[in-house]
Amino acid sequence: MTKTISILFCFIILLSCDNEAKTERNKKNSDKIISSEQEPVINLREFDEDLNLFLSFYEGMNQAEFRNSVNNELKSGRLFYTDNKNGDNIYSSLLNSKSFSDSKTFNDQIDINFKFNSNLYYPINTTEKSYYAKFSAKFDNGTLTSISLLGPSFNISSNPDFEKEKRIKEGENYKKEIIKMYSDKYGKPKITKREIESENLDYSLMTDYEFDKNIYTFNKAEKTIIISIQCCADFETEIKYILTSEYNKRRNKILLDKTKETEKKSIDRKKTLEEI
């Protein structure tokens, strides 16, 4: 009898231990589920190399994929981030490596809601100087369509108009260096004059100011790069990357719209001649 009670007692202890082990396993599994729910999972797709726009950015990326690539580029030192808190500068000065002391901390902020087109910069080294161009992205219906680099970038000034002439002169030197660099790599660009529609809100500004209104286009098989001067703050140079297929589609649409407008004007004139 005593032996039977001892066996039963051992069985109860083993059963209790087993239940505790199961409870602990279930708790750990539950913790894993909660943890996975707290940390959003980004399913990164494999992109065709032909869709490459610039660095590791591809046409068709959604914003989550774009953000992941931004973080990777920041870690590799090919992109830089600043929160623009340094507002003590009185004089206009070019951004330099010291302007990005907070670049590395960006990746540690899991939920940071940064603006894609405000705080990211790409370093450009010319034969003359090192510059930083503002990195921006264009999305259409939530997918990436083009990348732009706008430079040269200056430290924040307490007076935006102070030393403006100096910034514009620096920008002109930058533009010449940029066109030379891209010509050395991609060959001679196609140069066209910018067409300014009178309905454009910036029409008066663009016609009043004297600046380079040429558009320099490097049209390659897979990728097209467009360089132009932006009116009219400091006349910065924009370098725009777009897939050639998308570039051709947009060009064809512009030509089609012009043809339709010409035909409409012809019909309207004929109608007027019939009525007078």
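This report concerns the structure included in the present document.

What counts and what doesn't
Residues numbered from 1 in each chain as written. Predicted model: local features only at pLDDT ≥ 70, side-chain atom pairs only at ≥ 80, totals over all residues. Heavy atoms only, no water. Helix = DSSP H or I, 4+ residues; strand = E, 2+ residues; numbered from the N terminus. Buried < 20%, exposed > 50% of the residue type's maximum accessible area, 1.4 Å probe, protein only. Contact = heavy atoms within 4.5 Å. Areas by Shrake-Rupley, 256 points an atom, 1.4 Å probe, with all protein chains shown as cover. Phe/Tyr/Trp six-rings, centres within 6.5 Å; stacked < 30°, edge-to-face > 60°. Lys NZ or Arg CZ within 6 Å of the ring centre and 35° of its normal. Core = buried A, V, L, I, M, F, W, Y, C linked by side-chain atoms within 4.5 Å. Pairing = 2+ DSSP bridges. Axes fitted to C-alpha atoms, helices over the stretch in contact; angles between N-to-C directions. Polar contact = N/O pair within 3.5 Å; in protein donor to acceptor, adjacent residues only side chain to side chain.

Each helix and strand counted, the protein chain has 5 helices and 10 strands in total. Sorting the 276 residues of the protein chain into buried and exposed places 34% on the buried side. Residue pairs at least 24 apart in sequence account for 55% of intrachain contacts in the protein chain once pairs closer than 6 positions are excluded. Summed over its atoms, the accessible surface of the protein chain is roughly 18600 Å², and 52% of this surface lies on carbon and sulfur atoms.

What the rule picks out here adds up to 14 aromatic pairs. Taking the centre distance of 5.1 Å and the plane angle of 45° together, the rings of Phe57 and Phe66 count as tilted. Taken as a pair, Phe57 and Phe66 share a single burial class, namely buried. Ring pairs connect the aromatic residues Phe54, Phe57, Phe66, Tyr122, Phe135, Phe139 and Tyr241, which therefore count as one cluster. The side chain of Lys213 reaches across the aromatic face of Phe211, ending 4.4 Å from its centre.

With that settled, the discussion passes to the nonpolar core. Core analysis: the largest hydrophobic core is formed by 36 residues, its most contacted members being Phe57, Ile147, Tyr182 and Ile239. Counting 5 residues, the second largest nonpolar core, distinct from the first, contains Phe80, Leu95, Tyr121 and Tyr132.

Moving on, we get to the sheet that holds strand E5 (residues 130-140). Strands sit in the order E3-E4-E5-E6-E10-E9-E8-E7 across an open sheet of 8 strands; the sheet is antiparallel. The open sheet has two edge strands, strand E3 (80-81) and strand E7 (190-193), and neither has a second partner. Taken together, the 2 bridges between E3 and strand E4 (residues 120-125) define a ladder with antiparallel strand orientation. Looking across to E4, one finds that Tyr81 is bridged to Leu120. In this fold helix H2 (residues 63-76) packs onto E3, E4, E5 and strand E6 (143-151), with an angle of close to 165° to the strand it touches most, E5.

The residue Thr126 is located in the loop between E4 and E5 in this model. A relative accessible area of 14% places Thr126 in the buried class. A distance of 3.2 Å separates a polar side-chain atom of Thr126 from the backbone nitrogen of Glu128. Every residue in contact with Thr126, bar those within four places of it in the chain, is listed here: Tyr131, Glu177 and Met181.

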